[in-house]
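Descriptive analysis of the structure
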Amino acid sequence: MHSYFASPERTDEETLAAEIDFAGRNPVICGLLSSVGGMLAVLDEHRQLVALNDEFLQMLGVDHPAHVLGLRPGEALHCLHAHKEPGGCGTSKYCSTCGAAIAIVSSLKQDEPEERLCAFSALKDGKTVDAALLVKSRPIHMEEKRFLLLFVQDVTRQQQRAALERTFFHDMNSMLGLLAGAAELMVQDEHTQLAEMVQRTSMRLAKEVAVHRYLIEQSTAALPELTLKEVSAQEILEELRSFFASYTVAYQKEMYFPEQAPATSIRTDLSLLLRVVCNMITNALEACCTDADPNAGVKVWLEQENGELVFRVWNAQVIPTDTARRIFQLHFSTKGGEGRGIGAYSMKLLGEKLLGGAVSFTSSTQEGTVFRFALPLGTV
């Protein structure tokens with residue numbers, strides 16, 4: 001039989017039955033199948049299934065291994081290309097670019113582990129389903145026999161999210177560039193307060209997008225470019241007061257801002273500074289009670305101390321000691337659900353790494369909880 005990539009040769013029925021029996025009785029293979037988390041299959045040297053664990057069976061949608069033993073991975077998974085050639089999985093024109101086929105063939109040839117990402121299309125219930133699988137093939141030698149351990153991880157959701165994020169950031173940056181350009185022209189032509197507000201808001205929105213991208217892609221994304229300007233402490237206070245005047249989290253909760261801020265100014269990136277302080281305030285609002293107790297409120301104040309502009313946010317709730325130890329750790333959250341554990345972490349990251357300040361907190365039964373953000377009054 002002709003093949004465009006992998007060998008079409010298959011194991012004869014008698015040998016295959018012996019391999020399946022061996023895999024089913026071998027304590028090492030059985031131990032791996034029962035203990036390894038995630039999907040695991042065992043292949044022979046002709047890429048045919050001789051054993052697989054329950055997680056793999058669940059993905060295939062079968063209730064007994066006998067239904068798929070002897071098949072190749074693509075055939076068991078109902079890959080759209082598995083039967084395009086008489087030799088089956090691994091032999092079609094599409095297989096030379098299949099991550100799973102490449103990993104399996106390479107590990108057989110080199111007798112070394114190989115891992116690849118597999119873009120996979122299958123026929124399920126009469127419909128084509130696309131998925132992304134991370135496949136690692138690892139040879140294992142046992143009693144003069146060689147098998148392949150095939151570790152499979154479904155990374156479809158991660159791949160989709162990464163692709164959507166990349167597209168979103170690209171398109172959003174393009175639109176924000178147009179918006180910022182139009183806002184600048186408005187300021188030049190009209191010189192009105194509304195035009196200046198539109199320009200200021202568009203610039204801050206662009207910075208927010210850059211910060212979000214940095215938080216998501218820290219290992220590869222460049223640091224957001226700082227937009228430094230001289231800003232007074234009073235201006236910062238008014239920005240905070242204006243933002244939380246209509247903020248939904250602050251509904252029916254008491255907030256206390258001072259009338260006056262210290263008579264000083266600081267050269268900094270206002271958008272990033274506001275993001276850090278707003279996160280501090282939001283966390284305090286989410287923590288405090290909603291009843292009529294005066295202690296249900298959140299207090300915000302600014303002070304000039306030892307050459308620093310210091311922002312403090314207080315609420316009456318106490319952070320438990322176990323939680324306090326990990327409050328700034330990425331992915332750690334006391335709230336349920338996915339997508340949490342980045343708020344306090346981002347405060348620390350942006351406030352210290354980007355702005356050169358110091359973020360800290362104290363919490364006790366007597367004093368409540370106070371988050372502190374101190375920025376040097378010198379140039380960032």
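Refer to the preceding data block for the structure.
The rules behind each value
Residues numbered from 1 in each chain as written. Predicted model: local features only at pLDDT ≥ 70, side-chain atom pairs only at ≥ 80, totals over all residues. Heavy atoms only, no water. Helix = DSSP H or I, 4+ residues; strand = E, 2+ residues; numbered from the N terminus. Buried < 20%, exposed > 50% of the residue type's maximum accessible area, 1.4 Å probe, protein only. Core = buried A, V, L, I, M, F, W, Y, C linked by side-chain atoms within 4.5 Å. Contact = heavy atoms within 4.5 Å. Pairing = 2+ DSSP bridges. Phe/Tyr/Trp six-rings, centres within 6.5 Å; stacked < 30°, edge-to-face > 60°. Lys NZ or Arg CZ within 6 Å of the ring centre and 35° of its normal. Axes fitted to C-alpha atoms, helices over the stretch in contact; angles between N-to-C directions. Parallel < 35°, antiparallel > 145°, perpendicular 65-115°, else oblique. Nonpolar A, V, L, I, M, F, W, Y, C, P; charged D, E, K, R; others polar.

With a phi angle near 60 degrees, H78 is a residue other than glycine that sits in the positive phi range. Along the chain, H78 turns up in the loop between α4 (73-76) and α5 (99-110). Exposure remark for H78: the relative accessible area of 48% places this residue in the partly exposed category. Of note, the phi angle at N306 is positive, near 50 degrees, even though the residue is not glycine. Within the secondary structure, N306 sits in the loop between β9 (298-305) and β10 (308-315). By relative accessible area, which is 80% here, N306 ends up exposed.

Turning next to the nonpolar core. Ranked by internal contacts, the top residues of the largest apolar core, which has 45 residues, are I236, L240, F257, L273, I281, F311 and F373. Secondary structure elements with two or more residues in this core: α7 (193-216), α8 (233-245), α9 (270-287), β9, β10, α11 (343-354) and β12 (368-376). Take this core: its biggest share by element is eleven residues, from α9. What L240 contacts, discounting residues up to four positions off in sequence, is F257, L274, V277, C278 and I281.

All right, on to the pairing of β10 then. Of all eight residues in β10, seven are buried; the element is thus mostly enclosed. Pairing of β9 with β10 involves eight bridges; the strand directions are antiparallel. Its bridge partner being in β10, K299 is matched across the sheet by W314. Connecting β9 to the next strand, β10, in antiparallel fashion are two residues, including N306 with a positive phi near 50 degrees. Relative to β12, β10 is paired through eight bridges, and the arrangement is antiparallel. From the neighbouring strand, L309 faces β12, where its bridge partner is L375.

With that out of the way, let us pick up the packing of aromatic side chains. Overall, the coordinates contain six aromatic pairs when judged by the stated rule. When the centroid spacing of 5.8 Å and the interplanar angle of 10 degrees are considered together, the rings of F22 and F147 count as stacked. Placement of F22 in helix α1 (residues 13-25) and of F147 in strand β5 (residues 145-154) is noted, with a sequence separation of 125 residues between them. Residue class for F22 comes out buried when judged on its relative accessible area of 8%. Grouping aromatic residues by their ring pairs yields a cluster made of F328, F361 and F371. The positively charged end of K299 is found above the aromatic ring belonging to W314, 5.0 Å away from the centroid. The lysine or arginine in question, K348, covers the ring of F328, its NZ or CZ lying 4.8 Å from the ring centre.

What follows deals with the sheet that holds β9. One open sheet accounts for five strands, arranged β7-β9-β10-β12-β11; its pairing is mixed. Only two strands of the sheet have a single neighbouring strand rather than two, namely β7 (255-256) and β11 (358-364). Where α8 meets the sheet, it contacts β7, β9 and β10, and its direction lies at approximately 25 degrees from that of β10. Lying on the sheet, α9 is in contact with β7, β9, β10, β11 and β12; it crosses β10 at an angle near 20 degrees.

Here we take up the packing of α7 against α11. The geometry of α7 relative to α11 is characterised by a closest axis approach of 12 Å and an angle of 105 degrees between their N-to-C directions. The orientation of α7 relative to α11 falls into the category roughly perpendicular. Here α7 contributes V211, Y214 and L215 to the contact with α11, which in turn contributes S346, L349, L350, K353 and L354. Looking at the contact of α7 with α11 residue by residue, the class counts come to six nonpolar, one polar and one charged.

Following the sequence through the fold, E75 ends up in helix α4. Excluding its chain neighbours within four sequence positions, the residues that come into contact with E75 are R10, A82, H83, G87, G88 and C89.

Note that all results are geometric; they support no functional claim without further evidence.
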